[in-house]
Amino acid sequence: MTQQTFTGVGLGLRRTHLEEVARREDHGVPFWETCPENVIGDGGRHFRWASSILDRDPVLTHGLTVSVGGFDAWDQDYLRDLGTFLHRVEAPWHSEHLCFTRVDENCLHELLPLPFTRDSARHTIRRVRELQAQLPVPLVLENITYYAELGHADMDEADFICEVLEGADAGWLLDVNNVYVNALNFGFEPKAWLAQMPLERVVQLHIAGHKRFGDLTVDTHGADVIEPVIDLMQWVLARVGRPLPVLLERDNHIPDLELLLAERAQLQRAYDAVFAPAEAPHA
Amino acid sequence: MPEGRTQRLQQAAAAFILEADEAALEADPARVSRRLGLSLADQQSFDQQLPAWLTYRELARMSLLEPLETMFPVLMALLGPKDWAICTQAFLDARLVRSPHYRDIAPTFLGWLAENRWGQARWPFLLELAHAEVLEVLVARYPDSELPGGLQEEPDADTFLAWNAATQVVSYTHAVHRASEANPIPEARPTQLLAYRDAEGVVFLMELTSATASLLVQARTIPVAEAAAALGLTDLEPVLTLLRDLRQKGALDGFSPIPLT
Ligand SMILES: [Fe+2]
């Protein structure tokens, strides 16, 4: 599968929609994103539907629990299965979150923020390189939302992300909603933040909805994408100047497939507007 | 080698999430980082960001406990909110969630109940009840596998049963599969269940007599006629009819001239 397949706005494949998506080919979604942890080792009817979609349509893969920046030994069985899976779906790259999820053998099933320190960055770079060496496709890292800094920081998030991406020579899955949510929670301007980042490393974008709880905005993936986040997506695409794949994530309050397809189509129009030839100036 | 600061910071985050005593954390947010020997500056960062760390605590605990609430509604109704919280905290304290697969959390909890016998002095049927709640999902999601070779579609006196990989026969001392959220205390009645999925993957539960349950188990390792005779079933025809039916339903893959287990 060539990289050209991955352009436009794709959708995260969710369990509740598997049957319907497997049954219809006219969904108009250029590609899906699936979480390998949810498919590997599973069985039964949902697994069969998922398999038929993965065998039919272009797929990107997005992991949740590998704990890139953690200290636990790599789960070799899982990594072997993951490698087989990536081959099978012909994934062009595989993304993981720039975070830790496991501590002392325990999986916390939450994306936790790495300390923003030189030592933590060095450790994470080493881990990214180790993981990359065990994967059959390029490893791409996603910026997360975070609600607290872990320990006393000696750099900010932007510097930490830059240092890891550059140090590990890794691609970036830029989640614009995460940038927006972090900007709200920590009081910065998202475009100014992005302008200092290595956008040439971006290979994919994520976009999603979020929710405000009191003082804190949480990356719930449970609501429609709002206009400023769409604007941020367009800004990044225009700045990068390439039709990078954008993936709409929805993990909570998952609406009917029809509604999600409509939201995707709306985002696709916003996406296309970025790359449409400029209108002729009025005479 | 002593663990470095970065690792201890991650351990502090995990402890903040999993620790039982939330009130103690609120009163003294730095307690976990102090225990891990982190610097004053690191301890202060927990103090200064208490609301955010409480949010992490809530989010992570929600992701760990949500699959249990979804999977064990009857058990939750049996225990009531207070004992449910005590039980699930004891499970979190055991630090057993290791699998990268989210779907493994509920079976891990069941394994912990079996091992640890939590609450079973008070509710002797608790483990059976929890097992019955997971049973359908385990059968539904059992990994597909290739059929063994050499199976025949028709049973005869000398064949052995080839169960479908997902099929389970379970034996409970209580009718736990009949318990409900409204009525979580099951009747004390020996119960045998056949749990299987059909070709489409839809799960079915079938109550069995103890003779039929024994037959299905025995006839995997001894020929059908012998298994039936051992149970005093002298007329083989109704047995073969049942077995044909179970193959059609999908509980059995077929019949083998040699034992498969
Ligand atoms: Fe994302």
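See the structure shown above.
In this text, all values refer to a predicted model and were calculated from it rather than measured experimentally.

## Observations regarding the overall build of chain B
The helix and strand inventory of chain B stands at eleven helices and five strands. The C-alpha radius of gyration of chain B comes to 25 Å, more than 25% above the 18 Å expected for a compact globule of 261 residues. Considering only C-alpha atoms, chain B reaches an extent of 80 × 40 × 30 Å along its principal axes. Per-residue burial over chain B gives 48% buried out of 261 residues. Counting contacts in chain B only where the partners sit at least 6 residues apart, residues at least 24 apart contribute 63% of the total. Taking the average place of the 21 positive charges on the side chains of chain B and the average place of its 34 negative ones, the gap between the two points comes to 8 Å.

## What to know about the coordination of the iron ion
Residue and element names in this part refer to chain A. The protein atoms that coordinate the iron ion are Glu-142 (OE), Asp-175 (OD), His-206 (ND1) and Glu-249 (OE), at distances of 2.0 to 2.3 Å. In this structure, the iron ion is surrounded by four donor atoms whose angles at the metal cover 82 to 167°, and the resulting shape is irregular. Residue Glu-249 is classed as buried on the basis of its relative accessible area of 4%.

## Let's talk about the sheet that holds strand S3 (residues 188-197) of chain B
Residues and elements named next belong to chain B. An order of S2-S3-S4 is seen for the three strands of this open sheet, with the pairing classed as antiparallel. Each edge of the sheet is formed by a strand with only one pairing partner; in this case those strands are strand S2 (168-174) and strand S4 (203-208). Sheet twist, expressed as the mean angle between neighbouring strand axes with direction ignored, is 25°. For S2 and S3, the ladder comprises six bridges, and the chain directions are antiparallel. Its bridge partner lying in S3, Tyr-172 is registered against Thr-191. Here helix H8 (residues 126-141) sits on the sheet and contacts S2, S3 and S4; the angle it forms with S2, its principal contact strand, is near 165°.

## Digging into the packing of helix H9 (residues 227-240) of chain A against helix H10 (residues 257-275) of chain A
Residue and element names in this part refer to chain A. Relative orientation of the contacting elements H9 and H10 amounts to 35°, with a least axis distance of 9 Å. Crossing angle aside, the handedness with which H9 passes H10 is right-handed. Along its contact with H9, which presents Ile-230, Met-233, Gln-234, Leu-237 and Ala-238, the element H10 presents Gln-266, Leu-267, Ala-270, Tyr-271, Ala-273, Val-274 and Phe-275.

## Here we look at the nonpolar core
Membership of the largest hydrophobic core comes to 145 residues, with the highest contact counts inside it found for A:Ile207, A:Met233, B:Phe72, B:Leu75 and B:Phe109. At eleven residues, helix H5 (residues 50-71) of chain B tops the list of elements feeding residues into this core. Apart from residues no more than four positions distant in its own chain, A:Met233 is found in contact with A:Val176, A:Leu205, A:Ile207, A:Val246, A:Leu267, A:Ala270 and A:Tyr271. Grouped together as the second largest cluster of nonpolar side chains are 19 residues, B:Leu161, B:Leu208, B:Ala213 and B:Ala228 included.

## Points about the interface of chain A and chain B
Taken residue by residue, the interface counts 45 residues in chain A and 43 residues in chain B. Across the interface of chain A and chain B, roughly 3700 Å² is buried in total on both sides, 54% from carbon and sulfur atoms. Residue B:Arg141 is joined to A:Asp42 by a salt bridge in which the shortest nitrogen-to-oxygen separation is 3.0 Å. Across the contact surface, chain A and chain B share 22 residue pairs in polar contact (both at pLDDT 80 or more). Counting residues per element, the ones that place at least two in the side of chain A that touches chain B are helix H2 (36-39), helix H3 (45-56), strand S5 (100-103), strand S6 (106-112), helix H5 (118-133) and strand S11 (216-218) of chain A. Here the element with the most residues in the side of chain A that touches chain B is S6(A); it accounts for seven residues. A breakdown of the residues in the side of chain A that touches chain B according to their chemical character gives 19 nonpolar, 14 polar and twelve charged.

## A few points about the pairing of S6(A)
Residues and elements named next belong to chain A. Burial runs high along S6: six of the seven residues are buried. Strand direction decides the pairing type here: S5 and S6, joined by three bridges, are antiparallel. Its bridge partner lying in S6, Val-103 is registered against Asn-106. Between S5 and S6, which pair antiparallel one after the other, the connecting turn spans two residues, and Asp-104 there sits at a positive phi close to 50°.

## Digging into the side chain of A:Ser95
Residue and element names in this part refer to chain A. Residue position: Ser-95 is located in strand S4 (residues 94-97). Separated by 2.7 Å, the side chains of Ser-95 and His-62 make a polar contact. In this structure, Ser-95 is in contact with Glu-33, Thr-61, His-62, Gly-63, Val-140 and Leu-173, ignoring residues within four places of it in sequence.

## A few points about the sheet that holds strand S12 (residues 246-248) of chain A
All names here are of chain A. Spatially, S1-S2-S3-S4-S7-S8-S9-S12 is the arrangement adopted by the eight strands of the closed barrel, whose pairing is parallel. With direction set aside, neighbouring strand axes in the sheet form an average angle of 30°. Sheet topology note: the strand S1 (residues 9-12)/S12 ladder contains three bridges and is parallel. When the sheet's bridge partners are listed, Val-9 is paired in S12 with Val-246.

## Re helix H6 (residues 73-93) of chain B
Side chains three or four residues apart in an α-helix point the same way, a direct result of the helix having 3.6 residues per turn. Residues and elements named next belong to chain B. Taking 1.5 Å of rise per residue, the 21 residues of H6 would be expected to cover 30 Å, yet its terminal C-alpha atoms sit only 21 Å apart, more than 12% below that figure. The sharpest bend along H6 reaches about 110° and sits at Gly-80, with the proline Pro-81 one to four residues further on. For H6, the set of buried residues is Val-74, Leu-75, Leu-78, Leu-79, Gly-80, Asp-83, Trp-84, Cys-87, Thr-88, Gln-89, Phe-91 and Leu-92. Where the residues of H6 are buried, they touch helix H1 (5-18), H5, helix H7 (105-116) and H8. Remark: Arg-95 follows H6 within two positions and exhibits a positive phi of approximately 50°.

## Points about the pairing of strand S3 (residues 59-62) of chain A
Residues and elements named next belong to chain A. Covered by surrounding structure in S3 are Val-59 and Thr-61 together with Leu-60 and His-62, the residues of both alternating faces. Summarising the sheet, strand S2 (residues 32-34) and S3 pair through three bridges and their orientation is parallel. Bridge pairing in S3 places Thr-34 opposite Thr-61. Judged from the two bridges that link them, S3 and S4 form a sheet pairing that is parallel. In the strand pairing of S4, His-62 is matched with Ser-95. In this fold, the crossover linking S3 to S4 by way of helix H4 (residues 76-88) has right-handed handedness.

How each quantity is defined
Residues numbered from 1 in each chain as written. Chains lettered and ligands numbered in written order. Predicted model: local features only at pLDDT ≥ 70, side-chain atom pairs only at ≥ 80, totals over all residues. Heavy atoms only, no water. Helix = DSSP H or I, 4+ residues; strand = E, 2+ residues; numbered from the N terminus. Rg over C-alpha atoms; globule rule 2.2 N^0.38 Å. Buried < 20%, exposed > 50% of the residue type's maximum accessible area, 1.4 Å probe, protein only. Contact = heavy atoms within 4.5 Å. Lys, Arg positive; Asp, Glu negative; His and termini not counted. Charge placed at Lys NZ, Arg CZ, Asp CG, Glu CD. Donors = N, O, S within 2.8 Å, 3.2 Å for Na, K, Ca; no water. Tetrahedral: all angles 85-135°; square planar, octahedral: opposite > 155°, others 65-115°. Pairing = 2+ DSSP bridges. Axes fitted to C-alpha atoms, helices over the stretch in contact; angles between N-to-C directions. Left-handed = near helix turned anticlockwise from the far one by under 90°. Core = buried A, V, L, I, M, F, W, Y, C linked by side-chain atoms within 4.5 Å. Buried area = accessible area lost by both parts, 1.4 Å probe. Salt bridge = Lys/Arg side-chain N within 4 Å of Asp/Glu carboxyl O. Polar contact = N/O pair within 3.5 Å; in protein donor to acceptor, adjacent residues only side chain to side chain. Nonpolar A, V, L, I, M, F, W, Y, C, P; charged D, E, K, R; others polar. Expected span 1.5 Å × (residues − 1). Bend = angle between axes of the 7 residues up to and from the residue. Right-handed = clockwise from strand over helix to strand, strands pointing away.

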